[in-house]
Amino acid sequence: MDRAGQIALLKTLLNYVDAKTTATADAPWRNDVTAYTCPERHAREEEILFRKRPLVTGLSCDWPQPGAYRTDDFAGVPILTVRGRDGKLRAFLNVCRHRGAKVAQGSGSAAAFTCPYHGWTYGSDGMLRGLPEEAVAFPGVRAERPGLIPLPLAEKYGMVWVVPTPAPNRAADLDIEPWLDGLGPDLASWNLDTYHFHDRRVHHEEMNWKLLVDTFHEGYHFGFLHKDSLSGILLPNVSEFTPFGPNFRIVYPRTKLDRLRTTPESEWDLMWNSTIIYSMFANTIFSPQGDHMEIYRMFPVDGRTDRAVMEASFYIPKPVASADEKRHWDANVELAMKVITTEDFAAGRTTQIGFGSGAQSHVVYGRNEPALAHYHKSIRRALGLAVEDAAVQTAAE
Ligand code: FES
Ligand SMILES: [Fe+2]
């Protein structure tokens, strides 16, 4: 986002505060609770949202040098992402071409990957380099299966995306722009390729994966649910909402926004006066947070509508150089994880139980929760389901 865009956003937020209002949808929108409970719909989400679309996989700094690799099974298929000796980042199905064992485990740095089962070995470019007993046991096999199966990958703006399904032509490259729907300039403005990885947490939950995402999508709850944690930091029920196709940006003003009224415009800074949320359709929240970056990725677990996992990753502007700096960044991680898992997700867990009670066929998103309606309408469109306009929705109860 350029400087003029940042100033305009801050002015919009100040106007909202003055007028005691926020970005609004035209009308409330009702979402069928089966969106969170129906196994058939869930299977469709897994197939379309988690297999066919590019998923944010991390920032470039997660693979800082040639040989750096990460494995990841969250999308339901085993993925190996590794930076080659040529500096190029590649993704593969982490499936041995012999009999299918995982060739790489966890994350780290490696010059090659040797399958633990029978020792077939692959280079960081995915090509099969070693095949024990090849001449006698596997004549002609190498030509038929020369390497791991590539997955389409994009590395741009310091961010990385992977499609978990191989392209029909086995293409390794992905043009991410059509999927960003105009978000590219915003991403470019954060200079993500200058950041450093700090910490990563994996958190399991007993609720639908979309409930984990939903909690980032509105500030209506800040003053209630977070009254003892964030209410002194973030202004409740004020935000600016900007869609980019199914993706969107929400800017939540911090309580210190008021100070801008007595500060020259040339000194205004968006990052320090707000919390910014980019919802990168459909499962990722990317959040510039004052002095660091956070990425939250949500996935369903075990094919269940009521089990999910969140991977939270924290990135900092300079590598930690002292115990004090480490304490500072660790405290940021702890605060974020505590608020999200013990406040937001605690409410979400009860929501999932409520869905199963039969109390109501629909939940309702208020005019002050425009991102929620946009998000769930976008999911319906992606799944090929009809989207009813709020004006023609009839309240079911
Ligand atoms: S399954 Fe990998 S070497 Fe046999
Ligand atoms: Fe929250």
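Values in this document were obtained by computation on a predicted structure and should not be read as measured data.

A. Representation of the layout of surface pockets. Space inside the largest pocket adds up to approximately 550 Å³. Around the largest pocket, the lining is made up of 27 residues, and of these Leu-230, Leu-234, Thr-275, Gln-289 and Glu-294 lie nearest the centre. At the level of elements, strand S16 (274–280), strand S17 (284–289), strand S18 (292–300) and helix H11 (323–355) are the ones that each hand at least two residues to the lining of the largest pocket. No other element matches the 6 residues that H11 contributes to the lining of the largest pocket. Its residues assigned to classes, the lining of the largest pocket shows 13 nonpolar, 8 polar and 6 charged. Put simply, the second largest pocket is a space of about 430 Å³. Contributing to the lining of the second largest pocket are 22 residues, with Leu-211, Asp-214, Glu-218, Thr-351 and Leu-372 lying nearest its centre. Examining the composition of the lining of the second largest pocket, we find that 6 residues originate from one element, H11, more than from any other. Along the lines of polarity and charge, the residues of the lining of the second largest pocket split into 12 nonpolar, 6 polar and 4 charged.

B. Local environment of the domain arrangement of the protein. Domain annotation for the protein reports domain 1 (3–49 + 183–392) and domain 2 (55–174). Each of domain 1 and domain 2 has a C-alpha centre, and the two are 32 Å apart. When domain 1 packs against domain 2, the two sides together hide about 1600 Å² of surface, and 67% of this comes from carbon and sulfur. Taken together, domain 1 and domain 2 are joined by 3 salt bridges. With a closest N to O distance of 2.7 Å, Asp-62 and Arg-200 form a salt bridge. Inspection of the domain 1/domain 2 interface yields 5 residue pairs in polar contact (both at pLDDT 80 or more).

C. Up close: the environment of Ile-79. Assignment of secondary structure puts Ile-79 in strand S4 (residues 79–83). Of the residues examined, Ile-79 reaches a relative accessible area of 6% and is grouped as buried. Measuring from C-alpha to C-alpha, the distance between Ile-79 and Pro-150 comes to 9.6 Å, with 71 residues separating the pair along the chain.

D. Representation of the packing of aromatic side chains. In this structure the tally under the stated criterion is 14 aromatic pairs. Ring centres 6.3 Å apart and planes at 20 degrees place the aromatic pair Trp-29 and Tyr-365 in the stacked group. Here the residue Trp-29 occupies a position in strand S1 (residues 29–32), and Tyr-365 occupies one in strand S20 (residues 362–365), the gap between them amounting to 336 residues. Take Trp-29 and Tyr-365: they sit in the same class, and that class is buried. Ring geometry for Tyr-278 versus Phe-286: centroids 5.5 Å apart, planes at 15 degrees, classification stacked. The same class applies to Tyr-278 and to Phe-286, which are both buried.

E. How the structure looks around the coordination of the iron ion (ligand 2). All of the protein donors around the iron ion (ligand 2) are His-221 (NE2), His-226 (NE2), Asp-344 (OD) and Asp-344 (OD); their distances to the metal are 2.0 to 2.8 Å. Geometry at the iron ion (ligand 2) is irregular, judged from the 4 donor atoms that bind it and their angles of 52 to 145 degrees at the metal. We note that the donor set of the iron ion (ligand 2) lies within a single chain, spaced as H-x4-H-x117-D. Here Asp-344 lies in helix H11 and His-221 lies in the loop between helix H8 (209–214) and helix H9 (222–225), a separation of 123 residues in the sequence.

F. Layout of the side chain of Arg-254. Tracing the sequence through the fold places Arg-254 in the loop between strand S15 (247–253) and helix H10 (270–273). Although Arg-254 is buried, it forms no salt bridge, and the closest oppositely charged side chain is Asp-291 at an N-O distance of 6.8 Å. Apart from residues no more than four positions distant in its own chain, Arg-254 is found in contact with Ile-233, Leu-234, Leu-235, Trp-272, Asn-273, Ser-274, Thr-275, Gln-289 and Gly-290.

G. Region of the structure containing empty space enclosed by the protein. Using the criterion set out here, one finds 3 cavities of 30 Å³ or more in the structure. Its boundaries defined by the atoms lining it, the largest cavity holds a volume of some 90 Å³. Elements represented by at least two residues in the lining of the largest cavity include exactly strand S2 (55–59) and helix H6 (177–180). Each of domain 1 (3–49 + 183–392) and domain 2 (55–174) gives at least three residues to the lining of the largest cavity. If you add up the space inside the second largest cavity, you get close to 60 Å³. Lining the second largest cavity are Leu-55, Thr-57, Asp-72, Ala-75, Ile-79, Val-162, Pro-164, Arg-297 and Phe-299.

H. How the structure looks around the pairing of strand S14 (residues 240–244). In terms of strand pairing, S14 meets S15 through 5 bridges, oriented antiparallel. In the sheet register, Pro-243 faces S15, and the bridge partner there is Phe-248. Linking S14 back to S15 in an antiparallel pair, the connection comprises 2 residues, with Gly-245 at a positive phi of about 60 degrees.

I. Geometry of the sheet that holds strand S11 (residues 153–156). What the 3 strands build is an open sheet, ordered S2-S12-S11; its pairing is antiparallel. The open sheet terminates on both sides in strands that have one partner only, identified here as S2 and S11. Ignoring which end each strand starts from, the neighbouring axes of this sheet average 25 degrees apart. Bridge count between S2 and strand S12 (residues 159–162): 4 bridges; the pairing is antiparallel. Considered in S12, the bridge of Gly-58 is made with Val-160.

Rules of the game
Residues numbered from 1 in each chain as written. Chains lettered and ligands numbered in written order. Predicted model: local features only at pLDDT ≥ 70, side-chain atom pairs only at ≥ 80, totals over all residues. Heavy atoms only, no water. 1 Å grid on protein atoms, 1.4 Å probe; cavity = no way out; pocket = protein on both sides within 12 Å on 5 of 7 lines; lining within 4 Å. Points joined across faces, edges and corners; volume = space filled by probe spheres on them. Helix = DSSP H or I, 4+ residues; strand = E, 2+ residues; numbered from the N terminus. Nonpolar A, V, L, I, M, F, W, Y, C, P; charged D, E, K, R; others polar. Domains from an automatic or database assignment. Buried area = accessible area lost by both parts, 1.4 Å probe. Salt bridge = Lys/Arg side-chain N within 4 Å of Asp/Glu carboxyl O. Polar contact = N/O pair within 3.5 Å; in protein donor to acceptor, adjacent residues only side chain to side chain. Buried < 20%, exposed > 50% of the residue type's maximum accessible area, 1.4 Å probe, protein only. Phe/Tyr/Trp six-rings, centres within 6.5 Å; stacked < 30°, edge-to-face > 60°. Donors = N, O, S within 2.8 Å, 3.2 Å for Na, K, Ca; no water. Tetrahedral: all angles 85-135°; square planar, octahedral: opposite > 155°, others 65-115°. Lys, Arg positive; Asp, Glu negative; His and termini not counted. Contact = heavy atoms within 4.5 Å. Pairing = 2+ DSSP bridges. Axes fitted to C-alpha atoms, helices over the stretch in contact; angles between N-to-C directions.

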